[in-house]
Structures are given as C-alpha cells and as structure tokens.
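The residues making up each chain are set out below.
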Amino acid sequence: MHPELITAQLRICGQSSAHIAQRLGVSRALVSRVIRGSRSNARVQRAIARALALPVRSVFPTKTSAAAEIEIRK
C-alpha cells in the first residue's frame, strides 16, 4: 500500500502512527519510517497490519520481510 493510504486507513480505523508507537513502546519516527518503507521492522509491520485488519503482505506487498513470512505461517 502507498504510505499515504496506510496513514489514511489508520485514521479511518481510529488509529495513528502515534497510537501504534505508544502501544509498542517505540518511537513515532520508527513507525513513520516503516510506513514510508525506508525502514523494515517486523513487529511494527504486524501492528500496522493488525490495526488495519489486513495481512502484512497486503499492507507491505513489496517488502519480503520477516513479518510477511510469519504472517504466511499463521
């Protein structure tokens, strides 16, 4: 998904990168970088996908991340 679409969908779901960062105990900057695709973090990717009620690979389709591999195994 495009980063702006991820951000918009999070808002629609009543979430934000700040909510996710606080829940995970990470910085908002890290969550933002993961959304933009400049950083890969399986835990953050899973949290974003969960907030959107989508599989990780649907939210981050161009990333071959550990998060996608974990999602496939579930």
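Right above here is the structure, for reference.
In this report, we go over the structure that sits alongside the text. Just so we're clear, the structure is a prediction, and the values are computed from it rather than from any experiment.

Each value, and the rule that gives it
Every chain's residues receive numbers from 1 upward, in the order its sequence appears when written. At least 70 in pLDDT is required for a residue's local features to be given in this predicted model, at least 80 for side-chain atom pairs to be given and counted, and no such filter applies to totals for whole chains, interfaces and linings, which use all residues. Only hydrogens and water are set aside; all other atoms, that is, all heavy atoms of the structure, feed into the side-chain values. Axes here refer to lines fitted to C-alpha atoms; in helices the fit is confined to the stretch in contact. Angles between the N-to-C directions go from 0 to 180 degrees. Helix and strand definitions here come from DSSP, where helices need a minimum of 4 consecutive H or I residues and strands a minimum of 2 consecutive E residues; each element is numbered from the N-terminal end. Angle categories: roughly parallel below 35 degrees, roughly antiparallel above 145, roughly perpendicular from 65 to 115, and oblique for all the rest. Contacts are assigned to residue pairs with any non-hydrogen atoms lying within 4.5 Å of each other. Residues were grouped as follows: Ala, Val, Leu, Ile, Met, Phe, Trp, Tyr, Cys and Pro as nonpolar; Asp, Glu, Lys and Arg as charged; and all remaining residues, including Gly, as polar. If you view the pair so one helix is near and one far, a crossing is left-handed when the near helix is turned anticlockwise from the far one by less than a right angle, and right-handed when it is turned clockwise. Nonpolar cores are built from buried Ala, Val, Leu, Ile, Met, Phe, Trp, Tyr and Cys residues. Side-chain atoms within 4.5 Å join them into one set. Buried residues are those whose accessible area, probed at 1.4 Å on protein chains only, stays under 20% of the maximum for their type, while exposed residues exceed 50% and partly exposed ones sit between those limits.

**Description of the packing of helix α3 (residues 28–36) against helix α4 (residues 42–52)**
It is the contact of α3 with α4, at a shortest axis distance of 10 Å, that shows an interaxial angle of 75°. One finds that α3 runs roughly perpendicular with respect to α4. Listed contacts from α4 to Leu30, Val31, Val34 and Ile35 of α3 are Val44, Gln45 and Ile48. Of the residues belonging to the contact of α3 with α4, the class tally is six nonpolar, one polar and no charged.

**Side note on the packing of helix α2 (residues 17–24) against α3**
As a packed pair, α2 and α3 sit with axes 8 Å apart at the nearest point and diverge in direction by 120°. Classified by the interaxial angle, the pair formed by α2 and α3 is oblique. The hand of the α2/α3 crossing is right-handed. Mapping the contact onto sequence places Ser17, Ala18, Ile20 and Ala21 in α2 and Arg28, Val31 and Ile35 in α3. When grouped by side-chain class, the residues that make up the contact of α2 with α3 number five nonpolar, one polar and one charged.

**Some remarks on the nonpolar core**
Judged by nonpolar contacts, the single largest core of 18 residues is most densely connected at Ile6, Ile20 and Ile48. For this core, the secondary-structure elements that each account for two or more residues are α1 (3–12), α2, α3, α4 and α5 (56–59). Ranked by the residues each element gives to this core, the list is headed by α4, at six residues. Beyond its immediate sequence surroundings of up to four residues, isoleucine 6 is in contact with Met1, Ile35, Ile48, Leu52, Val59 and Phe60.

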